[in-house]
Amino acid sequence: MRAVPSEHRLSVPDDDHFHEECGVFGIYGHPEAANLTYLGLHGLQHRGQESAGIVSSNGEQLFEEKGMGLVARTFKRRQLQRLKGRLAIGHVRYSTAGKSNMVNAQPFRIDSCKGEIAIAHNGNLVNAAMVRDELERAGSIFRTSSDTEVILHLLARSSQSDLEAAIVAALKQLRGAYSLLFIARDRMIGVRDPRGFRPLSLGRLNEAHILTSESCALDLIDGTFVRDLDPGEMVVIGEGGVRSYRPFPKEAPAQCIFEYVYFSRPDSEVFGRSVHEVRKRLGRELAQEQPVEADVVVPIPDSGVYAALGFSEGSGIPLAFGLVRNHYVGRTFIEPRQAIRNFGVKLKLNPVRTLLEGKRVVLIDDSIVRGTTSKKIVSMVRAAGAREVHLRISSAPTVGPCYYGVDTPRRQELIASSHSVEEIGRFIEADSLGYLSLEGMYRAVGEGKSFCTACYTNRYPVPVPDEEQVRVATDRHRA
């Protein structure tokens, strides 16, 4: 196929947000396990849109179906009918650059001396590239560029004959973030890393047991939330019900605070708290810390909606939905030859002129990454007739990349890593710019010391290798 000339390529929406790597869902003991996993992945679609997969078991063998794209496009009736059994796990994935291909779609399935096993992973292993190099020198052959495959190689090579012991032995050689689901012929296993970076919850549907990244997936199938897995906990779900173990040395919790700021769906409960309530509290704290004289509070949809509700409540400034999002934009490769100012952003957002014209507007968003999209939105709102445009951000400045399961730009691409708030404000051409402080974020979430805030502080709870080493190793495996 002939490549599209670069001057006519446009990725929409303008990609200036962080992206979660993936979401996982599994169910044990239900006659429609595959169908319910399909629905559960629908509920987690916001966590990954590049690929989706399901592996099921009928007690004798594993069945696998995977594909690129959204859940509804990947699975049709025929594929779901091939996924037999009362046990299934599923995965949705967002890929980093160079990794969007079928071979990296999860769950990964292998047949080893431990029997048939499949794995679905949410998170990122900071020492995976180094462990992979050691395994390759010892003769291991890798099929994918995913760090998850490292877990399977360590598992298959383990001297432990018991599957659960082999999983523990493998994970003790790895560092970083993981919320994992394993499926064998007769059981489902869930594991959360000792610091609990990424969420993983236990649920029920009548007599069936469920593991999921977020509680919103339970709501879709009328399931019941039971509890979050504790950091460092392993649960084994089989004929005897749910067995819980804590096989790893205890570490200080470091749950990702950005799950509240952006990643998780607002109707979920994550880390024991309502996401939409936390986002509203972030907005109320922002209104107290960064007050502004304005006529209207306008959220940048969808990421700024709940923080804007809180900002409006905290400031007394009325809320108006002055930007309308087009939810049907995917990717387009044709741009009009006649230049249209801010074309990419306009495909995604459109201003409501009657709500903005002549007004002092305060825009609310959750973060600024590169700053390019924020600049275009400010320009668009001003062009729609706003008299003043102020921008308020419901988190602290993002100064460092994430190594624990979030696709972030390199440090030099993060505008706050090298520019002051005043410089960023001048770049985006807002009348004023204000961020919520880290202390304000702690007040909103309630327990500051139990959260990972490395992207705001450059203090990484699990030591990470040199950034250049990580980049070189990762680029080599992506090639």
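No experiment lies behind these values; they were computed from the predicted model shown.

### Remarks on the sheet that holds strand 2 (residues 22-28)
- Pairing in this open sheet of 7 strands is antiparallel, and the strands run 4-3-5-2-11-10-12 from one edge to the other. The strands lining the two open edges of the sheet, one partner per strand, are strand 4 (62-68) and strand 12 (224-228). Here the average twist between neighbouring strands, direction ignored, is 15°.
- Note: strand 10 (residues 201-205) against strand 12, 4 bridges, orientation antiparallel.

### A word on the packing of aromatic side chains
- Enumeration over the complete set of coordinates arrives at 11 aromatic pairs.
- Aromatic side chains Y404 and Y460 sit 6.3 Å apart centroid to centroid with 65° between the ring planes, which places their arrangement in the edge-to-face category. Residue Y404 is located in the loop between strand 22 (388-393) and strand 23 (406-407), and its partner Y460 is located in the loop between helix 16 (454-457) and helix 17 (467-478); the two are separated by 56 residues in the primary sequence. Side by side, Y404 and Y460 carry an identical accessibility label, which is buried.
- Each member of the aromatic cluster is reached from another via a ring pair, and the members are F197, Y403, Y404 and Y460.
- Sitting over the face of the ring of F63, K84 holds its NZ or CZ atom 5.4 Å from the ring centroid.

### Focus on the sheet that holds strand 21 (residues 360-365)
- Strand order in the open sheet formed by 4 strands is 18-21-22-24, with parallel pairing between adjacent strands. Whereas interior strands pair on both sides, the edge strands pair on one side only; in this sheet they are strand 18 (296-299) and strand 24 (432-435). In this sheet, neighbouring strand axes are inclined to one another by 25° on average, regardless of whether the strands run parallel or antiparallel.
- Pairing of strand 18 with strand 21 involves 4 bridges; the strand directions are parallel. The partner of P299 across the bridge, within strand 21, is I364.
- In the packing of helix 10 (residues 305-315) onto the sheet, contacts are made with strand 18, strand 21 and strand 22, and the angle to strand 18 comes to roughly 165°.
- Where helix 13 (residues 372-383) meets the sheet, its contacts fall on strand 21 and strand 22, and the angle it forms with strand 22 comes to roughly 145°.

### Overview of the environment of V103
- Relative to the assigned elements, V103 resides in the loop between strand 5 (87-93) and strand 6 (108-112).
- The residues contacting V103, other than those within four sequence positions of it, are F108, R143 and T144.

### Some remarks on the state of the cysteines
- Counted under the stated rule, the structure contains 0 disulfides.
- In this model C455 remains outside any disulfide bridge; the closest cysteine sulfur is found in C256, 6.6 Å from its own.

### Focus on the pattern of salt bridges
- Within the structure shown, the criterion is met by 28 salt bridges.
- Between E285 and R443 there is a salt bridge whose closest N-O contact spans 2.9 Å. You can see E285 sitting in helix 9 (residues 275-289) and its partner R443 sitting in helix 15 (residues 438-445), a full 158 residues away along the chain.
- For R443, the salt bridge identified is with E289, shortest N-O distance 2.7 Å. Of this pair, R443 sits in helix 15 while E289 sits in helix 9; the two residues are 154 residues apart in sequence, bridging distant segments of the chain.
- Note on E289: relative accessible area 26%, which makes it partly exposed.

### Regarding helix 1 (residues 33-43)
- Buried residues dominate helix 1, accounting for 8 of its 11 residues.
- Here helix 1 has its buried residues at A33, A34, L36, T37, Y38, G40, L41 and G43.

### So, the environment of K375
- Considering the arrangement of structural elements, one finds K375 in helix 13.
- A relative accessible area of 28% places K375 in the partly exposed class.
- Separated by 51 residues in sequence, K375 and R426 place their C-alpha atoms 9.5 Å apart.
- Excluding residues that lie within four positions of it along the chain, K375 makes contacts with F427, I428 and E429.

### Points about the side chain of S201
- Tracing the sequence through the fold places S201 in strand 10.
- In this structure S201 comes out as buried when scored by relative accessible area, which is 1%.
- A distance of 2.7 Å separates a polar atom in the side chain of S201 from a polar atom in the side chain of D228.
- With sequence-adjacent residues up to four places away left out, S201 is seen in contact with I210, L211, T212, F225, R227, D228 and L229.

### Quick word on the pairing of strand 5
- Most of strand 5 sits out of view: 7 of its 7 residues are buried.
- With burial as the criterion, each face of strand 5 is covered, one bearing L87, I89, H91 and R93 and the other bearing A88, G90 and V92.
- Alignment of strand 2 against strand 5, held across 7 bridges, turns out to be antiparallel. Bridged to G26 within strand 5 is I89.
- Bridge count between strand 3 (residues 51-57) and strand 5: 7 bridges; the pairing is antiparallel. Bridged to A52 within strand 5 is V92.

### Quick look at the nonpolar core
- Y260, F311, I364, Y404, M441 and Y456 are the most contacted members of the largest nonpolar core, which has 43 residues in total.
- Elements with a minimum of two residues in this core: helix 8 (258-263), helix 9, helix 10, strand 21, helix 15, strand 25 (451-452) and helix 16.
- Looking at which element gives the most residues to this core, the answer is helix 9, with 5 residues.
- For Y404, the contacting residues outside a window of four places in its chain are G123, N124, V126, A177, F197, R198, C452, Y460, P461, V462 and V464.
- Listed in part, the 29 residues of the second largest apolar core include I117, A166, F182 and V191.

### Comments concerning the packing of helix 5 (residues 148-157) against helix 6 (residues 163-171)
- Following both chains from N to C, one finds helix 5 and helix 6 inclined at 125°, their axes separated by 8 Å at the closest point. Taken together, helix 5 and helix 6 sit at an angle that is classed as oblique. For helix 5 against helix 6, the interelement crossing comes out right-handed. Only L163, A166, I167, A170 and L171 of helix 6 make contact with helix 5, whose side of the interface consists of I151, L154 and L155.

Rules and cut-offs
- Residues numbered from 1 in each chain as written.
- Predicted model: local features only at pLDDT ≥ 70, side-chain atom pairs only at ≥ 80, totals over all residues.
- Heavy atoms only, no water.
- Pairing = 2+ DSSP bridges.
- Helix = DSSP H or I, 4+ residues; strand = E, 2+ residues; numbered from the N terminus.
- Axes fitted to C-alpha atoms, helices over the stretch in contact; angles between N-to-C directions.
- Phe/Tyr/Trp six-rings, centres within 6.5 Å; stacked < 30°, edge-to-face > 60°.
- Buried < 20%, exposed > 50% of the residue type's maximum accessible area, 1.4 Å probe, protein only.
- Lys NZ or Arg CZ within 6 Å of the ring centre and 35° of its normal.
- Contact = heavy atoms within 4.5 Å.
- Disulfide = S-S within 2.5 Å.
- Salt bridge = Lys/Arg side-chain N within 4 Å of Asp/Glu carboxyl O.
- Polar contact = N/O pair within 3.5 Å; in protein donor to acceptor, adjacent residues only side chain to side chain.
- Core = buried A, V, L, I, M, F, W, Y, C linked by side-chain atoms within 4.5 Å.
- Parallel < 35°, antiparallel > 145°, perpendicular 65-115°, else oblique.
- Left-handed = near helix turned anticlockwise from the far one by under 90°.

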